[in-house]
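# Overview (structure and organization)
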Amino acid sequence: MQHLRQLLEIENSELARLLRFSLYGLEANLNQARAELPLDPGSKICDEVLQELHNLLQPAPPQQNTGWEDAPDELKLNHLREAFNSDSELNYYLGNSQLQSQTDSDLWNEIQRKLLRVPEDLAASWRSRTLDLAQEVGAIADNSNLFQLPFIRDEIIYPGLSGTVQTQGLCLYQQALSNPLITQGNASDLPAAFLFLYMNFIEIDPDLHHALKSVFSFDVISLHSKPEQRDQYIDALSDRFQRTQKAEKNTDTLSILRAWIDMDEAIHSLIFVPPAERYSWWGKLQHESRRILKKIADEAINAGNEVRIRQLSGLYADICALSKDDLQLDCGGIPGEVLTCLRVYARINQEESPGRVIFRSSR
């Protein structure tokens, strides 16, 4: 275990990333098998192995500030911090929290990740502005140094910087998903893509929360401050991925549809506070799951079933009869309106399944 942990702790290592994905997959498979085989003679040892995997996958404790980092007012990109923090339009979508980074590299990535949550036209305008402000201090865009996130396509999400400030950018990278060490399934499988994308994104973005009812039903939970909730969310997402695979092997259209409704809920339950705007990069990414869900619902209808799927939005008062166990926030969006639809409302052959939303409180 010592060498496994040492490899996992190496930053910017492709091997470390592949190992982490493989261990998450092993943990998910063992959890599923343990539940299906409670009387297996190896169950006790399996529990100990699962505990060792759980401990191994815990994040390393944050390093203490040694006093050698530049103070925030000495950063080369400090003027960018000030402009970003004071922008009222950004505050409308992101809330009033201030940027927290203490280095130029971290500040660049924190700003770029936040722009993934605002409408794309605003994000594009601000991304151009960040590059202009970076050039003023001798830093230029660099698309050759990118942190790779596994997904079903290649895409540069935002550039890194070279020159007076050197830092990685971020990209989606299909080859990382298709590596046999990561997944044994179809590399183009969207549930698998979301599973491994999310596991990686959770590690790099401390602003992520979850609102998955099966893990915790009463509130929106920070994955950064509650690592046990992070592990439980990833386990639940892995379990739903396994169930979609099992349903698709059985080829029963209704089983596939129900499994996909659960998977879609888990995908949309990874959120920010306030939730990302619907037409942001993050909002459009998650909507890819809804498009597949609609396609599967259409296939069930074509097979002779009565199916109605509805994404809940608009005034909360107009849709609350179709939802259950909803959550409310006092930030983001318009008071009284739905901020995000976590689970779609579904009616399948006269059987109703309520949706679930996060809405902005009226007061």
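This structure is a prediction, so every number in the text was calculated from the model and none was measured. (Residues numbered from 1 in each chain as written. Predicted model: local features only at pLDDT ≥ 70, side-chain atom pairs only at ≥ 80, totals over all residues. Heavy atoms only, no water.)

## Remarks on the environment of Ser 225
Note on placement: Ser 225 falls in the loop between β7 (221–222) and α10 (227–250). C-alpha of Ser 225 to C-alpha of His 209: the two residues are 16 residues apart in sequence and 9.5 Å apart in space. A polar contact is formed between the side chain of Ser 225 and the side chain of Ser 222, at a distance of 3.2 Å. (Helix = DSSP H or I, 4+ residues; strand = E, 2+ residues; numbered from the N terminus. Polar contact = N/O pair within 3.5 Å; in protein donor to acceptor, adjacent residues only side chain to side chain.)

## Considerations on the state of the cysteines
Per the counting criterion, the structure on display carries 0 disulfides. The thiol of Cys 331 is unpaired, and the distance to the nearest cysteine sulfur, on Cys 341, comes to 18 Å. You can see Cys 341 has no disulfide; the closest cysteine sulfur is in Cys 320, sitting 14 Å from it. Residue class for Cys 341 comes out buried when judged on its relative accessible area of 5%. (Disulfide = S-S within 2.5 Å. Buried < 20%, exposed > 50% of the residue type's maximum accessible area, 1.4 Å probe, protein only.)

## Thoughts on the pattern of salt bridges
Pairing is possible between side chains of opposite charge, provided their charged atoms come close. Under the counting rule described, the total for this entry stands at 16 salt bridges. The partner of Glu 155 in a salt bridge is Arg 153, and the shortest N-O contact between them spans 3.1 Å. Accessibility expressed as a relative area gives 22% for Glu 155, which makes it partly exposed. Among the residues examined, Arg 153 registers a relative accessible area of 26% and is labelled partly exposed. In this structure, the salt-bridge partner of Arg 243 is Asp 262, at a minimum N-O distance of 3.3 Å. Of the two residues, Arg 243 is situated in helix α10 and Asp 262 in helix α11 (residues 253–268); the sequence distance between them amounts to 19 residues. (Salt bridge = Lys/Arg side-chain N within 4 Å of Asp/Glu carboxyl O.)

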